[in-house]
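# Overview (structure and organization)
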Amino acid sequence: MYADLPKEKKIEYLKHLVAHCSLSLLHSSSIKPYLGYREAENIFCECFDAENVSRSDIAIDAIYNSIGIGIKTFTDQSDFQKIAEFDKKSRYHDMFDDLEIVREVSRMRNKRLDFVYSKYDLSNLIYHCIVRIDGAIRIYEYPMDYIDVDSIKYVSRTGNTLNFTDGKNRYKFMISKSTISMHFGLNNPLEEVPVKIMSDAMDNIVELYDNFSETTVYRLSTKDMLQMIRNFDDPAGILVNRKA
């Protein structure tokens, strides 16, 4: 999907991501940029005019041209990421066989994909991932596949974690948290963009507020905040340094 988006919108999208990540010292001392999941969802939807459904507690966060999109942001320290979470009172707790447990939670997860396909009349589902590495961000996309329940043949247990595969993807089911995580192989990024983290991020935020406060707007919309950050002088040199 990302490869087919308009070039000018992708440049604007990356600029928004980099601008937010440049303020990382407001949240973290790491050299890996910080970006919250809500910010990632809002920036994507704002820049690509996608429908934001992230508050609906479903398998996707956005819809663009009949494609359901799960938006994720994480660091390269962990390539297993949560894709589903269940009620801890679910019926799998009455099961004692590890294979039957992972088959049951896989069916439950697949029903969530059925639901979004039907409710929103979608043609495809994907994961759009913003992966934060030392001094840069990378963009990846992966298919949001159904788990092939019949192809799950073997389960290994590490404590309260059940490891399994359906032949296409690798998964972990954490019994204590009732979550399924999927392995995202971080190879061949679609984009890589450098991020310069501002050492004086707090001062810049105060300056932004001082310049904007004269409008007497006390609650800023996402669009207004994005516009404010956009007015920075291209903190990472994205228009020059972007890796195509």
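Placed above this text is the structure.
Described in the following lines is the structure provided in the data block. In this text the structure is predicted, and so the values were computed from the model without any measurement. Numbering of residues starts from 1 in each chain and follows the order in which that chain's sequence is written. Per-residue local features of the predicted model are confined to residues with pLDDT of at least 70, and side-chain atom pairs are confined, for both listing and counting, to 80 or more; whole-chain, interface and lining totals are unaffected and use all residues. The side-chain quantities take in all heavy atoms of the structure and omit both hydrogens and water.

A few words on helix H2 (residues 37–48). A rise of 1.5 Å per residue sets the reference length of H2, with its twelve residues, at 16 Å; its end C-alpha atoms lie 17 Å apart and thus fit the reference within 8%. For H2, the full list of buried residues reads Ala-40, Glu-41, Ile-43, Phe-44, Cys-45, Cys-47 and Phe-48. Helix and strand assignments follow DSSP, with helices taken as H or I runs no shorter than four residues and strands as E runs no shorter than two, numbered in order from the N terminus. Looking one or two residues past H2, Asp-49 carries a phi angle of roughly 55°, positive in sign. For a helix, the expected span equals 1.5 Å multiplied by the residue count minus one. Using a 1.4 Å probe on the protein chains alone, a residue whose accessible area is under 20% of its type maximum counts as buried, one over 50% counts as exposed, and one in between counts as partly exposed.

Close contact between helix H1 (residues 7–21) and H2 brings their axes to 9 Å; oriented N to C, the two are set at 155°. What the angle tells us is that H1 and H2 run roughly antiparallel. With respect to the hand of their crossing, H1 and H2 are arranged in right-handed fashion. Seen from H1, the contacting residues are Lys-9, Lys-10, Glu-12, Tyr-13, His-16, Leu-17 and His-20; seen from H2, they are Glu-39, Ile-43, Phe-44, Cys-47 and Phe-48. Of the residues contributing to the contact of H1 with H2, the split by class is six nonpolar, two polar and four charged. Between the N-to-C directions of two axes lies an angle of 0 to 180 degrees, each axis being a line fitted to C-alpha atoms and, for a helix, fitted only over the stretch in contact. With respect to orientation, any angle under 35 degrees is reported as roughly parallel, any angle over 145 as roughly antiparallel, any angle of 65 to 115 as roughly perpendicular, and every other angle as oblique. Crossings are classed by handedness, with left-handed meaning an anticlockwise turn of the near helix from the far one by less than a right angle and right-handed meaning a clockwise turn. The criterion used for residue contact is that any of the two residues' heavy atoms lie within 4.5 Å. Residues are grouped as follows: nonpolar covers Ala, Val, Leu, Ile, Met, Phe, Trp, Tyr, Cys and Pro; charged covers Asp, Glu, Lys and Arg; every other residue, Gly included, is treated as polar.

Only a pair of cysteine sulfur atoms within 2.5 Å counts as a disulfide in this structure description. Scanning the model with the defined rule gives zero disulfides in all. Sulfur of Cys-45: no disulfide; nearest cysteine sulfur belongs to Cys-47 and is 9.7 Å away.

The values are spatial; any link to function lies outside them.
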